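Listed here are the chains, written in short residue letters.
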Amino acid sequence: MVKISVIMPVYNSEEYFEWAAESVLKQNLKEIELIMVDDGSKDKSGQICDILKAKDDRVKVIHQKNQGISAARNNGMKAAQGEYIAFIDNDDAYVEGFLDKIYEYAKENDANILKYGYRVIEDWNKDEKAARTRGFDKTRKVGFENLKKDYQKLKDDGFFNMIWNGIYKRSLIEENNIYFPEDVKKGYEDWIFNYHLLECVTENIFVWQGIEYNHYQRGVHSTSSQYYDNQQMALIMAAKEEYKLVQVLEEKYKGKINWNRYAMDYFLEAILMFERKNCHVQKKEKKEYLSRFRGMEEFSCLISESARKDYSITKKMVADLLKKKQYGLLLTVSHWYNYFIVYKRKKKYS
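Throughout, a residue's number is its position along its own chain's written sequence, starting from 1. Whole-chain, interface and lining totals are the exception, using all residues; otherwise, since this is a predicted model, local features are given only for residues with pLDDT of at least 70 and side-chain atom pairs are given and counted only at 80 or more. Values reported for side chains reflect all heavy atoms of the structure, with hydrogen atoms and water molecules removed beforehand.

> Can you explain the nonpolar core? Please cite residues and give values.
Put simply, a nonpolar core is a bunch of buried Ala, Val, Leu, Ile, Met, Phe, Trp, Tyr and Cys residues held in one set by side-chain atoms that sit within 4.5 Å of each other. Only protein chains enter the area calculation, which uses a 1.4 Å probe; residues under 20% of their type maximum are buried, those over 50% are exposed, and those in between are partly exposed. In terms of nonpolar packing, the biggest core is built from 110 residues, with Ile-4, Met-36, Tyr-94 and Tyr-266 touching the most fellow members. By definition, residues are in contact when any of their heavy atoms lie within 4.5 Å. Not counting chain neighbours up to four residues away, the residues in contact with Met-36 comprise Met-8, Val-10, Phe-17, Ala-21, Cys-49, Leu-52, Val-59, Lys-60, Val-61 and Ile-62.

Following this line, the structure appears as structure tokens:
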């Protein structure tokens, strides 16, 4: 019996992913499978996958033409036999000896989803003490008795935005036909998957106090610092899925979630997206994109007077500029704000 299927998309990562794979295979829990999906790598990654498979019969390898991380994860899920599914990126690592504890707790509590904490380590910052951690205050079942407060707490703790910080019951994914959107190549696919799954599964969800995953931001490998062509569309998809989830939870638990706040967060994400590396979008296209945001149902609250009470002074300024359709000024402000944040971070760790 396979207890947990761990899915690892692999693409041009020969320098790191063997180490990532070892962090899975050396876990105390032996009833696992590691499904490595070689997404058309051009380096020696595919060959190394096959070598690892020859060494350990718990390793499965899928070779496919390059289709992106979403398609790679989907093909991995289709091949999975485990009771639970987990994920790992090809340049990250599991903390030693935690999978057995996670599985036992999930099994005892019939968990549909169990999320744990993670550590973010940036390759340009060599000070291990400066690694950022994000996790949960205690191991517990997730409740929505105070819907607004409970939902915000999960957001703050990093519950929704990642898929590699948890295990998911495979049967629920299959029964609800939950997959990653394959037209999303890089960025926000985790958000979309989590929101879509939680629209269908709102019971027996748990969080685990421990920090069990090391996520490395390595510059060229990090999608969070670079711009990709379909990220504009992907961000809108993520917003729409979260908006639907909010409606599902409000109906089921008879409470109210502060969507005004989250809508503004999405809009700020949309503006700052254009400050990422390799962004080639012209200013006219940027303005058109921000104009689309303004006209969507999910973001109509941004220019409403009722939402102003939920915003800081800075966010009120953004809302005012958006209401007046001052897209060029918004882009200019975001450019200098991003420059200031990057400068402060580099100065702090230099």
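There's more to say after this.
> Tell me about the pattern of salt bridges, residues and numbers included.
What counts as a salt bridge is simple: a side-chain nitrogen of Lys or Arg found within 4 Å of a carboxyl oxygen of Asp or Glu. Enumeration over the complete set of coordinates arrives at 22 salt bridges. For Lys-240, the salt bridge identified is with Glu-298, shortest N-O distance 3.3 Å. Of this pair, Lys-240 sits in helix α8 (residues 231-253) while Glu-298 sits in the loop between α10 (283-295) and α11 (313-323); the two residues are 58 residues apart in sequence, bridging distant segments of the chain. The class of Lys-240 is partly exposed, set by a relative accessible area of 35%. A salt bridge links Lys-244 to Glu-241; the shortest N-O distance between them is 3.4 Å. With Lys-244 and Glu-241 both in helix α8 and three residues apart, this pair spans about one turn of that helix. Its relative accessible area of 13% is what places Glu-241 among the buried residues. Each of Arg-73, Asp-89, Glu-189 and Asp-190 takes part in a single network of salt bridges with overlapping partners. In this description a helix means any DSSP run of H or I spanning at least four residues, a strand means any run of E spanning at least two, and both kinds are numbered starting from the N terminus.

> Any details on helix α1 (residues 17-25)? Residues and values, ideally.
Within the sequence span of α1, burial applies to Phe-17, Ala-20, Ala-21, Ser-23, Val-24 and Leu-25. For α1, the secondary structure elements touched by its buried residues are β1 (4-10), β2 (32-39), α2 (45-55), β3 (59-64) and β5 (93-94).

> Please provide a residue-by-residue account of the side chain of Gln-64, values included.
Following the sequence through the fold, Gln-64 ends up in strand β3. Setting aside chain neighbours within four positions, we find Gln-64 in contact with Val-37, Asp-38, Asp-39, Gly-40, Ala-71, Ala-72 and Asn-75.

> Describe in detail the packing of aromatic side chains, supporting the description with residues and values.
How two aromatic rings sit relative to each other is set out by the distance from centre to centre and by the angle between their planes. Note on ring pairs: Phe, Tyr and Trp rings are taken, using the six-membered ring of Trp, and paired if centres are within 6.5 Å. Classes follow the plane angle, with under 30 degrees stacked, over 60 edge-to-face and the rest tilted. Under the definition given, this model contains 31 aromatic pairs. Ring plane angle 5 degrees and centroid distance 4.5 Å describe the contact between Trp-164 and Tyr-213, whose orientation is recorded as stacked. Residue Trp-164 is found in the loop between α5 (147-156) and β9 (166-169), and its partner Tyr-213 is found in strand β10 (residues 205-217); the two are separated by 49 residues along the sequence. No difference in accessibility class separates Trp-164 from Tyr-213, as the two residues are buried. Considering the side-chain rings of Trp-259 and Tyr-266, the 6.1 Å spacing of their centres and the 40 degrees angle between planes classify their relative orientation as tilted. For the pair Trp-259 and Tyr-266, a shared accessibility class is recorded, and that class is buried. Only lysine NZ and arginine CZ atoms are considered, and such an atom sits over a ring when it is within 6 Å of the ring centre and within 35 degrees of the ring normal. Against the face of Phe-180 rests Arg-73, its NZ or CZ located 5.2 Å from the ring centre. A cation over a ring is seen here: Lys-115 above Phe-159, with NZ or CZ 5.5 Å from the ring centre.

> I'd like a description of empty space enclosed by the protein, backed by residues and values.
Cavities and pockets were defined on a 1 Å grid built over protein atoms only: a cavity is a set of grid points that admits a 1.4 Å probe from which the probe cannot escape, a pocket is an open set flanked by protein on both sides within 12 Å along at least five of seven lines, and lining residues are those with an atom within 4 Å of any such point. Grid points are joined across faces, edges and corners, and a volume is the space filled by probe spheres set on the points. For the coordinates displayed, the defined rule picks out two cavities of 30 Å³ or more. Approximately 50 Å³ is the volume found for the largest cavity. As for the largest cavity, its lining consists of Phe-144, Tyr-151, Leu-154, Phe-159, Phe-160, Leu-198, Thr-202, Ile-205, Leu-245 and Leu-249. Those elements that provide at least two residues to the lining of the largest cavity are α5 and α8. Gly counts as polar in this scheme, as do all residues outside two lists: the nonpolar Ala, Val, Leu, Ile, Met, Phe, Trp, Tyr, Cys and Pro, and the charged Asp, Glu, Lys and Arg. Considered class by class, the residues forming the lining of the largest cavity number nine nonpolar, one polar and no charged. By volume, the second largest cavity is sized at about 40 Å³. What lines the second largest cavity is simply Leu-302, Ile-303, Ser-304, Glu-305, Arg-308, Ala-319, Asp-320 and Lys-323. Its residues assigned to classes, the lining of the second largest cavity shows three nonpolar, one polar and four charged.

> So what's going on with the packing of α1 against α2? Residues and values would help.
The axes are straight lines fitted to the C-alpha atoms, using for helices just the contacting stretch, and the angles between their N-to-C directions are given from 0 to 180°. It is at 11 Å that the axes of α1 and α2 come closest, and there the two elements cross at 30 degrees. On the basis of their axis angle, the class for α1 and α2 is roughly parallel. Read as a crossing pair, α1 and α2 show a hand that is right-handed. Side by side, α1 and α2 meet where Phe-17, Glu-18, Ala-21 and Glu-22 of the first sit next to Ser-45, Ile-48, Cys-49 and Leu-52 of the second. Here roughly perpendicular refers to angles of 65 to 115 degrees, roughly parallel to angles under 35, roughly antiparallel to angles over 145, and oblique to all remaining angles. A clockwise turn of the near helix away from the far one marks a right-handed crossing, whereas an anticlockwise turn of less than a right angle marks a left-handed crossing.

Everything listed is a geometric property; what it means functionally is a separate question.
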